[in-house]
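# Observations on the model geometry
Letter by letter, the chains look like this.
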Amino acid sequence: MRPWPTLEDVAGMAGVSTATVSRVLNEPELVHAETRLRVEEAVARLDYTPHFGARALASNRTNTVGAIIPTMENAIFARGLQALQEALAGDGVTLVVATSNYDPAREAEQIRALLGRGVDGLVLIGEARDPSIYAMLERRLVPFVLVWSWRPDCPWPCVGFDNRAAARAMAERVLELGHRRVAMIAGVTRGNDRAAARVEGVRDALARHGLGLDRTNLIETPYNLKASAAAARRLMTAGPRPTAIVCGNDVIAAGALTAVRALGLAAPADVSVTGFDDIDLALVLDPSLTTVHVPHRRMGEAAASLLLRLRAQEKDARSVVFETALVERGSLAPPGPMKGEAR
C-alpha cells in the first residue's frame, strides 16, 4: 500500500468505485447506508484525508480563510478567533492564522503568502495599512473583512466598534467623577488605528474641559506588563502627579496597577486606573478593573458570517457595528487627598 492512502485505496478496501467513495465524502445522504458504512470504515482504517489540491482544482476554491492578527499573546484576540473558527467550520471552511507582531511589512508579506496558497478570503485586524494592499485584494477579487474597528465612512467591509467613541466615553466618566489631572498610557499608535482612535477619544473628552494630552501626560508603550509599569512609574514620579490614568487596554492597566503598588500607593485612593477590552484579567486584578467591555465573540461570529456572504457575492452583505459598554469596578473613584500633596 502507498505511504499516503489514495481514493483508489479506499475504494479497493471498501469494494466500491472511486465515484462512490467521492459521493460518500461529499454527498453521503445520496449513498445507501450499508455502502456508506463500508466506505467510512475504510476511510478510518486507512487514515485517509481528501487531497486538498485536487478538491481546490475541481471547485476553484480551497475552502480556507486566512486571518492575520497582531499577536497570539494578547487575550483580546483569543475569544474572537475561537468564535471565527467555529463559525467558519460550521460551513466547512478551515481557518489559517498568522501573526504580524504589529509590523505592517510583516503583515503585507503574510497577506501575499496566504493569497499564494489560494485562500478564499481574509480577516484582518483594523484598517491601517498601505493602500497598495487594498488595491491588490480588490484586483484579485479576494473578499476580506476588517475587524476590531469601525467607522461610518469606512470604504471596506468591517465588523467592529467605534474605538474613538468608546475611549471618549471612558474619559468622560473619569472627568464626571471630578478628575482633572488625567494621564493616558496608550498602545503604540504607529500603524495601529485602534490605539490611535482611543487616544483621540480621550483627547476629545479632555478638550471639552480645557485639558489636553501632550508629552507630559501621554505615553505610548507596547502591550506588555513591564513596559506599561515603567510608563506608569514615570507618570507617578513626575509632578504634578495624575489622579487618574486612562489606559489603552487591560494589559497596560495591569502594568500600571503594579507600578502604583510598587511605589507604596493604592488605587483608587491615590490614583484611579481604567482599562479597555474587559478580558478575564480585569476581574482578578486588585482592585478589579474599570474598563470598556468589547464583544469579542460576537465580532468573530459576525466576521465569519459577513466573509461567507461576501464570498458568495451576496449583494446585501453589509458592515456590522457593535456597541461597547463601560464596566465600573473598584479601580475608579473620585479623586482623594494625595500622599505628600495638599488638596
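The model shown is predicted, which means the values in this text are computed figures rather than measured ones. (Residues numbered from 1 in each chain as written. Predicted model: local features only at pLDDT ≥ 70, side-chain atom pairs only at ≥ 80, totals over all residues. Heavy atoms only, no water.)

This next bit is on the overall build of the protein. A tally of regular secondary structure across the protein gives 13 helices and 12 strands. For the protein, the C-alpha radius of gyration of 26 Å lies well beyond 20 Å, the compact-globule estimate for 343 residues. Its C-alpha atoms give the protein principal-axis dimensions of about 90 × 40 × 30 Å. Out of the 343 residues in the protein, the part that is buried amounts to 49%. (Helix = DSSP H or I, 4+ residues; strand = E, 2+ residues; numbered from the N terminus. Rg over C-alpha atoms; globule rule 2.2 N^0.38 Å. Buried < 20%, exposed > 50% of the residue type's maximum accessible area, 1.4 Å probe, protein only.)

A few words now on the nonpolar core. If you look at the biggest cluster of nonpolar residues, it comprises 50 residues, and the most contacted ones within it are Leu-84, Leu-88, Val-147, Trp-148, Val-159 and Val-202. Sorting elements by how many residues they give to this core places helix α13 (residues 296-311) first, with 7 residues. Composition of this core by domain shows at least three residues from each of domain 2 (64-161 + 295-323) and domain 3 (163-293). Apart from the residues within four sequence positions on either side, Val-202 is in contact with Ala-167, Arg-168, Ala-171, Met-184, Leu-213 and Val-246. By size, the runner-up hydrophobic cluster in this structure holds 24 residues, among which are Ala-183, Ile-185, Ile-219 and Val-273. (Core = buried A, V, L, I, M, F, W, Y, C linked by side-chain atoms within 4.5 Å. Domains from an automatic or database assignment. Contact = heavy atoms within 4.5 Å.)

Right, let's talk about the sheet that holds strand β5 (residues 158-160) for a bit. Taken in spatial order, the 6 strands of this open sheet run β2-β1-β3-β4-β5-β11, and their pairing is parallel. A strand with exactly one partner marks an edge of an open sheet, and here the two such strands are β2 (94-99) and β11 (320-321). Here helix α7 (residues 131-139) sits on the sheet in contact with β3 (121-125) and β4 (144-147), set at roughly 145° to β4. (Pairing = 2+ DSSP bridges. Axes fitted to C-alpha atoms, helices over the stretch in contact; angles between N-to-C directions.)

Attention now moves to the pairing of strand β1 (residues 64-69). Where a strand is regular, its side chains alternate between the two sheet faces. Of all the 6 residues making up β1, 6 are buried; the element is thus mostly covered by neighbouring parts of the structure. Burial along β1 is two-sided: the residues Thr-64, Gly-66 and Ile-68 and Val-65, Ala-67 and Ile-69 are all buried. Of the strand pairs in this sheet, β1 and β2 are connected by 6 bridges, and their pairing is parallel. Paired with Ile-69 across the bridge in β2 is Thr-99. Pairing analysis gives 4 bridges linking β1 to β3, with the strands arranged parallel. By the bridge assignment, Ile-68 is partnered in β3 with Leu-124.

Before going further, it helps to examine the packing of helix α8 (residues 163-176) against helix α9 (residues 193-207). The packing of two helices is summarised by the inter-axis angle and the distance between the axes. Direction vectors running N to C along α8 and α9 enclose 40°, while the axes themselves pass 7 Å from each other. Seen from above, α8 lies across α9 with right-handed handedness. Between α8 and α9, the contacting residues are Asn-163, Arg-164, Ala-167, Arg-168, Ala-171, Glu-172 and Leu-175 on the first element and Arg-194, Ala-197, Arg-198, Glu-200, Gly-201, Val-202, Asp-204, Ala-205 and Leu-206 on the second. Residues of the contact of α8 with α9, tallied by class, amount to 7 nonpolar, 2 polar and 7 charged. (Left-handed = near helix turned anticlockwise from the far one by under 90°. Nonpolar A, V, L, I, M, F, W, Y, C, P; charged D, E, K, R; others polar.)

Moving on, we get to helix α5 (residues 76-89). Side chains that are three or four residues apart share a direction in an α-helix, a result of its 3.6 residues per turn. Those residues of α5 that sit buried are Ile-76, Phe-77, Gly-80, Leu-81, Ala-83, Leu-84 and Leu-88. All buried residues of α5 fall inside an arc of 165° around its axis, so they share one side. Among the structural elements, β1, β2, β3 and α13 are those in contact with the buried residues of α5. (Arc of directions from axis to C-beta.)

On to the domain arrangement of the protein, then. For the protein, the assigned domains are domain 1 (7-50), domain 2 (64-161 + 295-323) and domain 3 (163-293). Here the C-alpha centre of domain 3 lies 28 Å away from the C-alpha centre of domain 2. Each partner contributes to the interface: domain 2 provides 15 residues, whereas domain 3 provides 15 residues. If you sort the residues of domain 2 by the area they bury against domain 3, Arg-79, Tyr-102 and Phe-161 come out on top, with a joint share of 34%. At the junction of domain 2 with domain 3, the criterion picks out 1 salt bridge. The interface formed by domain 2 and domain 3 includes 6 residue pairs in polar contact (both at pLDDT 80 or more). Looking at the side of domain 2 that touches domain 3, its residues break down into 9 nonpolar, 4 polar and 2 charged. (Buried area = accessible area lost by both parts, 1.4 Å probe. Salt bridge = Lys/Arg side-chain N within 4 Å of Asp/Glu carboxyl O. Polar contact = N/O pair within 3.5 Å; in protein donor to acceptor, adjacent residues only side chain to side chain.)

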